[in-house]
Amino acid sequence: MENVILVLNAGSSSLKFSVFEAPADGEMRARAVGQVEGLGTAPHLKVKDGDGESIADVRWSTSEVASHAQALQQIATLLRSRFAGSVLAGVGHRVVHGGPDHAAPVLVTEEVIEELATLVPLAPLHQPHNLAAIRAVQEVQPELPQVACFDTAFHRSQDMVGQLYGLPYEYYERGVRRYGFHGLSYEYIAAILPTVAPEIASGRVVVAHLGSGASMCALRDGRSVGSSMGFTALDGLMMGTRPGNIDPGIVLYLIQQEGLSAKEIENLLYKRSGLLGLSGIGNDMRVLEASDAPRARLAIDHFVYRINRELGALTAVLGGLDALVFTAGIGENSMRIRQMVCQKAAAWSGIDLDAAANAGGGPRISRSGSRTSAWVVPTNEELMIARHTRKLLGI
Ligand code: ADP
């Protein structure tokens, strides 16, 4: 019987999942991709098969499906009937924080769970849900192997100088350091570059992961040497609802002059800022691009400004730039943002955009003589997790 691997990505109000077939001798392929959204408000399950055809579309009341564990049970029932002829070999989880030491995925044990629980204060909005998903699987199938794949792990190749903050050293020792996130996405891109863009794979590359969360990573020879996100996923670029890097004095000002509580500041920084906060319209780039409102334009201009600024910083870290790679929702789909970024960076970076190639979606979107090349490479964090899981399970 064929082995399949379940990949889980548990967020605060959502549970995303994929089922990959894992043939003994070949690349894995997604056989089902789905998510439960609206957990706690209006739970809604949507599942598609590997070709994008809908398999299920179910809505529940919050009394029928109240928790991640109950959502998982519903998913398990559906998948058991769908994959009755297959063996579930293991589950791979996206876990946001692996702390300072995990530079690679690990097989989940009781000790690992306890260790990861100590990192909850570093990622209070995500880590508890990731761990709850691991526990939920344990309850249903205690013997099933589980693998934790960390968003921070890929960045552990960065040197210590780059991971420091200019705070008293004891804070570094207590874990206040730059961790970097979106590591599974960058690892996937680094792994696929030798195939899609062999001429840049071992060079100095900046990858721009532009989704609702957005960050950039400097790769040298496929390894992370710098990233725009730091201690938390609030740092760096402006995002859909997060401001990215701001003067920490603003936080003091909000506390001391405006009397905001920690919870209120958290809400402001995670949910009300970024494209949404600047535009006053929304956090969806498609909506902003279609809008004539001056503040939609302002939000887009600032988004691009910040990307260009971070690109300059990461280019300095790399000591030069051979290529810029766009990925994730905005990076893969927005011709306009790619064009604005490349035009802004053209004079100093030497990127010479090929408008027709950009309109066609790449992969290469710069002209052949361009001193620095530009690319569009779709990311696949789920496949990365499935690959790691298969490797650790030895199947
Ligand atoms: P996440 O995985 O972080 O939720 P995604 O990588 O799916 O995010 O990216 C979501 C973002 O991608 C949204 O801002 C959405 O508007 C944007 N996006 C998706 N398609 C397009 C498009 N065709 N043009 C512009 N932006 C797009």
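Read on for a plain summary of the structure.

Conventions we followed
- Residues numbered from 1 in each chain as written.
- Predicted model: local features only at pLDDT ≥ 70, side-chain atom pairs only at ≥ 80, totals over all residues.
- Heavy atoms only, no water.
- Core = buried A, V, L, I, M, F, W, Y, C linked by side-chain atoms within 4.5 Å.
- Buried < 20%, exposed > 50% of the residue type's maximum accessible area, 1.4 Å probe, protein only.
- Helix = DSSP H or I, 4+ residues; strand = E, 2+ residues; numbered from the N terminus.
- Domains from an automatic or database assignment.
- Near = heavy atom within 4 Å.
- Polar contact = N/O pair within 3.5 Å; in protein donor to acceptor, adjacent residues only side chain to side chain.
- Areas by Shrake-Rupley, 256 points an atom, 1.4 Å probe, with all protein chains shown as cover.
- Nonpolar A, V, L, I, M, F, W, Y, C, P; charged D, E, K, R; others polar.
- Salt bridge = Lys/Arg side-chain N within 4 Å of Asp/Glu carboxyl O.
- Pairing = 2+ DSSP bridges.
- Contact = heavy atoms within 4.5 Å.
- Axes fitted to C-alpha atoms, helices over the stretch in contact; angles between N-to-C directions.

1. Digging into the nonpolar core
Here's step 1: Among the nonpolar cores identified, the biggest contains 54 residues, and Leu 210, Met 216, Phe 303, Leu 324 and Ile 337 are the most heavily contacted of them.
Here's step 2: A total of nine residues in this core trace back to one element, the largest contributor, which is helix α11 (residues 294–318).
Here's step 3: A domain split of this core shows at least three residues from each of domain 1 (2–157) and domain 2 (198–376).

2. Some points on the site of the ligand
Here's step 1: What surrounds the ligand is the set Gly 211, Ser 212, Gly 213, Asn 283, Asp 284, Met 285, Arg 286, Ala 328, Gly 329, Ile 330, Asn 333 and Ser 334.
Here's step 2: Arg 286 is positioned with one of its backbone polar atoms (N or O) 3.4 Å from an oxygen atom of the ligand.
Here's step 3: A distance of 2.9 Å separates an oxygen atom of the ligand from a polar atom in the backbone of Gly 329.
Here's step 4: Within the complex, the protein chains bury 68% of what would otherwise be the 580 Å² of accessible surface of the ligand.
Here's step 5: Where the shell around the ligand is concerned, the elements lending two or more residues are α10 (285–290) and α12 (328–333).
Here's step 6: With four residues, the top contributor of residues to the shell around the ligand is α12.
Here's step 7: Residues that form the shell around the ligand fall into these classes: three nonpolar, seven polar and two charged.

3. A few points about the pattern of salt bridges
Here's step 1: Tallying each qualifying case throughout the model produces 15 salt bridges.
Here's step 2: Residue Glu 27 pairs with Arg 387 through a salt bridge whose shortest N-O separation is 2.8 Å. Of this pair, Glu 27 sits in the loop between β2 (15–21) and β3 (29–37) while Arg 387 sits in helix α15 (residues 381–393), and the two are 360 residues apart along the sequence.
Here's step 3: In this structure, the salt-bridge partner of Arg 367 is Asp 352, at a minimum N-O distance of 3.3 Å. Note that Arg 367 is positioned in the loop between α14 (355–360) and β13 (373–376) and Asp 352 in the loop between α13 (335–349) and α14, a separation of 15 residues in sequence.
Here's step 4: By relative accessible area, Asp 352 is classed as partly exposed at 34%.

4. A look at the sheet that holds strand β8 (residues 146–150)
Strand pairing in a sheet relies on backbone hydrogen bonds, with the paired strands running either antiparallel or parallel.
Here's step 1: Taken in spatial order, the eight strands make up an open sheet running β5-β4-β3-β2-β1-β6-β8-β7, and their pairing is mixed. Sheet topology places β5 (54–59) and β7 (106–107) at the edges, where each strand pairs with a single neighbour.
Here's step 2: When strand β6 (residues 86–95) meets β8, the two strands line up parallel, connected through five bridges. Within the sheet, the bridge partner assigned to His 93 lies in β8 and is Ala 148.
Here's step 3: Running at roughly 25° to β2, helix α1 (residues 68–82) makes contact with β1 (2–10), β2, β3, β4 (44–49) and β5 of the sheet.
Here's step 4: Packed on one face of the sheet, α15 meets β1, β2, β6, β7 and β8 and runs near 120° to β6.

Such coordinate-based values are descriptive only and should not be taken to indicate function.
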